[in-house]
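# Chains, contacts and geometry: an overview
If you want the building blocks of each chain, they are given just below.
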Amino acid sequence: ISLLVGFSAVVLEVVLGTLIGLAAGFYGGLVDHLLMRLVDVVYCIPFLPVLLLTSAVTTELQVSPDFRIFLMIFLMGMFGWPYLARLVRSRVLSLREEDFMIATEVLGLSDSRKIFRHLLPNVVPHILVAGTLGIAAAILTEAVLSYLGVGVLPPYPSWGNMIQAVNDFNDFKYRMWLWLPPGIAIFLTVAAINLIGEGLRD
C-alpha cells in the first residue's frame, strides 16, 4: 500500500506539473502569469491541516477505507505538482531560445508538435530525477499520515499504521517486532529510491 500510494501520487504530480510547466514556459505572457499565480495559491494552502480536515469529514461520513486511500493519493498529487511545474517551466524558458526551437518556428510546426516532440524529450531527464525523489517523499508522507491515523486505515496495512501499533513505552521496548520491521522497510525503501534519484541526477 505504501509503495502504491507513493508511486500513484507522484504519477499525478508528474502529469499535472509537466503539463502546466510546459504550457507556462512555452506560451509565456498572460498564460505564464496566470499559471504561476495558480502555483503560488497552491503553495499557500497548508497540506497537513487540509488532510486532517478531510480525514475528520470522511470519518464522520463513514467513508470506506479503500476510498480514503484514493482520496489521499489525490490530495498528495494535487499539493505536490507546483515544484515540478516550476522546474519544467524554467527548463522550457531556456530551451525556447535554442537554435532547434528557432528552426521549428521557421518550419512552421504546430504548437503541440513543438511542445511534445521537441521540448518534452529535453525536459524528461529533469522530470525523471524529480519524480524519483518525489516517490521517496510521498512514501514518507504516507507513513507519517498513517501513523497519525489520517492516512491508510485498517483493514489495509501500510508501514505507517503498522508502526502506530506502538502505544506506549513497553510496546516500544519489549515488543520491537511491532514497529521494527515496518520501520526498517521504510528506511531501506526511501534510501534506495533516493540513491536511484541521485544516480539519475549524476
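Everything numeric here is computed off the predicted structure, so don't read it as measured data. (Residues numbered from 1 in each chain as written. Predicted model: local features only at pLDDT ≥ 70, side-chain atom pairs only at ≥ 80, totals over all residues. Heavy atoms only, no water.)

### Quick word on the overall build of the chain
Within the chain, the secondary structure is distributed over nine helices and zero strands. The linear arrangement of helices and strands in the chain, starting from the amino end, is α-α-α-α-α-α-α-α-α. For the chain, the C-alpha atoms occupy an extent of roughly 70 × 40 × 25 Å along the three principal directions. When the 202 residues of the chain are sorted by exposure, 37% land in the buried category. Split by element, the accessible area of the chain, about 11300 Å² in all, is 70% carbon and sulfur. With 12 positive and 15 negative side-chain charges, the chain shows a spacing of 3 Å between the two charge centroids. (Helix = DSSP H or I, 4+ residues; strand = E, 2+ residues; numbered from the N terminus. Buried < 20%, exposed > 50% of the residue type's maximum accessible area, 1.4 Å probe, protein only. Areas by Shrake-Rupley, 256 points an atom, 1.4 Å probe, with all protein chains shown as cover. Lys, Arg positive; Asp, Glu negative; His and termini not counted. Charge placed at Lys NZ, Arg CZ, Asp CG, Glu CD.)

### Quick look at helix H9 (residues 180-201)
When the terminal C-alpha atoms of H9 are compared, their 31 Å separation across 22 residues agrees well with the 32 Å that a helix rising 1.5 Å per residue should span. Within H9, burial applies to Pro182, Ile186, Thr189, Val190, Ile193 and Gly197. For H9, the angular spread of the buried residues around the axis is 90°, confining them to a single face. In H9, the exposed positions angled more than 90 degrees off the buried face are occupied by Phe187, Leu188 and Leu195. On the buried face of H9, the contacting elements are helix H1 (2-27), helix H6 (111-147) and helix H7 (159-163). (Expected span 1.5 Å × (residues − 1). Arc of directions from axis to C-beta. Contact = heavy atoms within 4.5 Å.)

### Description of unusual backbone geometry
Across residues other than glycine, the phi torsion is negative in most instances, and most of the peptide bonds are trans. Non-glycine residue Gln62 carries a positive phi angle of around 55°. Inspection of the secondary structure assignment puts Gln62 in the loop between helix H3 (47-60) and helix H4 (65-95).

### A word on the side chain of Ser2
When you line up the elements, Ser2 lands in helix H1. According to the relative accessible area criterion, Ser2 is buried, its value standing at 4%. A distance of 3.0 Å separates the side chain of Ser2 from the side chain of Glu142, its partner in a polar contact. (Polar contact = N/O pair within 3.5 Å; in protein donor to acceptor, adjacent residues only side chain to side chain.)

### What to know about the confidence of the model for the chain
When pLDDT is averaged across the chain, the result is 86; 100% of the residues are at 70 or more. Of all helices and strands in the chain, the one with the weakest mean pLDDT is helix H8 (residues 169-174) (76), whereas helix H2 (residues 29-44) scores best (91). (pLDDT = per-residue confidence, 0-100.)

### A look at the nonpolar core
By size, the foremost hydrophobic cluster in this structure holds 21 residues, and its most contacted members are Val5, Met72, Met76 and Ile139. Within the residue set of this core, elements represented by two or more residues are H1, H4, H6 and H9. By residue number, the principal contributor to this core is H6, which donates six residues. Not counting residues within four places of it along the chain, the set of residues in contact with Ile139 comprises Ser2, Leu3, Gly6, Trp159, Thr189, Val190 and Ile193. Of all hydrophobic cores here, the second largest spans 12 residues; its members include Leu22, Met101, Val123 and Ile127. (Core = buried A, V, L, I, M, F, W, Y, C linked by side-chain atoms within 4.5 Å.)

### As for the side chain of Glu13
Within the element layout of this structure, Glu13 appears in helix H1. Using a relative accessible area of 15% as the deciding quantity, one classes Glu13 as buried. The contact partners of Glu13, leaving out residues within four places of it in the chain, are Thr18, Met76, Gly77, Gly80, Trp81 and Leu84.

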